[in-house]
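Fold and contact review
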Amino acid sequence: MQSAPPTPQTLAAALRRHQLVDITTTGRRTGRRIRIEIDSHWVDNTVVISGMPGRRDWYANLIADGRFTFHLKQPFAADLVAVATPVTDPEERRRLLEPITRTWGASARIEAFVARSPLVVVAFPDLAAAA
């Protein structure tokens, strides 16, 4: 028996937590679709993706083309059309990264995260249109 597809409301609720998800980006040089596992976070009513300080291919791919697929794995599987917007303002980066570094036990390294971590805010155009 196949379950009913998630509603926009259940999808929105599923996004409101820290979780492991997969994302599929388009390679900026190859044009190939690349899928990786990554943490997503719910910060100030926003889905945010970040990583440890340093250069990351997924981030470079999203800067080149912000459109990607966000693959929910829990509490159900769903592939969502998503758009990433890089966060570059230092104050905004700090505001979004402080709760993330607490989650990762890395609060003492907040300055390194603000200076060098990849950080994007994620929008879901199909969910916004359904709201």
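Residues numbered from 1 in each chain as written. Predicted model: local features only at pLDDT ≥ 70, side-chain atom pairs only at ≥ 80, totals over all residues. Heavy atoms only, no water.

Details of the pattern of salt bridges
The following threshold applies: Each reported salt bridge corresponds to a side-chain nitrogen of Lys or Arg within 4 Å of a carboxyl oxygen of Asp or Glu. By definition, any uninterrupted DSSP run of H or I lasting at least four residues is a helix, any uninterrupted run of E lasting at least two residues is a strand, and each is numbered from the N terminus. Between buried and exposed lies partly exposed: a residue is buried under 20% and exposed over 50% of the maximum accessible area for its type, with that area taken using a 1.4 Å probe on protein chains only.
The tally for this structure, following the rule as stated, stands at nine salt bridges. Residue Asp22 is joined to Lys73 by a salt bridge in which the shortest nitrogen-to-oxygen separation is 3.0 Å. Taken together, the residues Asp22 in strand S1 (residues 19-26) and Lys73 in the loop between strand S4 (67-72) and strand S5 (78-86) connect sequence positions 51 residues apart. In this structure Asp22 comes out as buried when scored by relative accessible area, which is 12%.

Looking at the side chain of Asp39
Put simply, the rule is: In summary, the charge assignment counts Lys and Arg as positive and Asp and Glu as negative, without counting His or the chain termini. By the criterion applied in these results, polar contacts are pairs of N or O atoms within 3.5 Å in which, for protein atoms, one can donate a hydrogen and the other can accept it, and in which residues neighboring in sequence qualify only through two side-chain atoms. Throughout, a contact is declared for two residues whenever any of their heavy atoms are within 4.5 Å.
Along the chain, the position of Asp39 falls in strand S2 (residues 33-43). For the buried Asp39, no salt bridge is present, and the opposite-charge side chain at shortest range is Lys73, 9.0 Å distant. Reaching out from Asp39, the side chain makes a polar contact with the side chain of Trp104 at a distance of 2.9 Å. Residue contacts for Asp39: discarding those within four places in its chain leaves His18, Gln19, Leu20, Val48, Ile49, Ser50 and Trp104.

Overview of the layout of surface pockets
Selection criterion: As defined here, a cavity is a set of points on a 1 Å grid over the protein atoms alone where a 1.4 Å probe fits but cannot get out. A pocket is an open set with protein on both sides within 12 Å along at least five of seven lines, and residues line them when an atom is within 4 Å of a point. Grid points are joined across faces, edges and corners, and a volume is the space filled by probe spheres set on the points. In this classification, the charged set is Asp, Glu, Lys and Arg, the nonpolar set is Ala, Val, Leu, Ile, Met, Phe, Trp, Tyr, Cys and Pro, and all remaining amino acids, among them Gly, are polar.
Estimates place the volume of the largest pocket at around 280 Å³. Along the walls of the largest pocket sit 14 residues, with Ala12, Leu15, Phe124, Leu127 and Ala128 positioned nearest its centre. The set of elements that each furnish at least two residues to the lining of the largest pocket consists of helix H1 (8-15), strand S3 (46-50), strand S6 (119-123) and helix H5 (125-130). For the lining of the largest pocket, the element with the most residues is H1, which contributes four residues. Looking at the lining of the largest pocket residue by residue, the classes come out as eleven nonpolar, two polar and one charged.

Examining the sheet that holds S3
What counts here: By definition, two strands form a pair when at least two bridges between them are found by DSSP. Here the axes come from fitting lines to C-alpha atoms, over the contacting stretch only for helices, and the angles between their N-to-C directions go from 0 to 180 degrees.
Spatial ordering of the closed barrel is given by S1-S2-S3-S6-S5-S4, a layout of six strands whose pairing is antiparallel. Each strand axis lies, on average, 45° off the axis of its neighbour in the sheet, ignoring direction. Of the pairings in the sheet, the one linking S3 to S6 comprises four bridges and is antiparallel in character. The residue bridging Ser50 from the neighbouring strand is Leu119, located in S6. The sheet strands contacting H1 are S1, S2, S3, S4 and S5, and the helix crosses S4 at an angle near 85°. Of the strands in this sheet, S2, S3 and S6 touch helix H3 (residues 90-103), which is tilted by about 90° from S2.

A word on helix H2 (residues 57-64)
Under the convention used in this document: What the arc measures is the spread of directions leading from the helix axis to the C-beta atoms.
Within H2 the residues assigned to the buried category are Trp58, Tyr59, Asn61 and Leu62. Take H2 and look down its axis: the buried residues cluster within an arc of 160°, on one side only. Its buried side turned inward, H2 meets S1, S2, S3, S4, S5 and S6.

Describing the nonpolar core
The nonpolar side chains of a soluble globular protein tend to be buried with one another. Let me state the cut-off plainly: Here the nonpolar core consists of buried residues drawn from Ala, Val, Leu, Ile, Met, Phe, Trp, Tyr and Cys, with membership extended through side-chain atoms lying within 4.5 Å.
If you look at the biggest cluster of nonpolar residues, it comprises 22 residues, and the most contacted ones within it are Ile49, Phe68, Phe70, Leu72, Val122 and Phe124. Elements represented by at least two residues in this core include exactly H1, S1, S3, H2, S4, S5 and S6. Here this core gets four residues from one element, more than from any other, and that element is S5. Core analysis: the second largest hydrophobic core is formed by eleven residues, Val48, Leu96, Leu97 and Phe113 among them.

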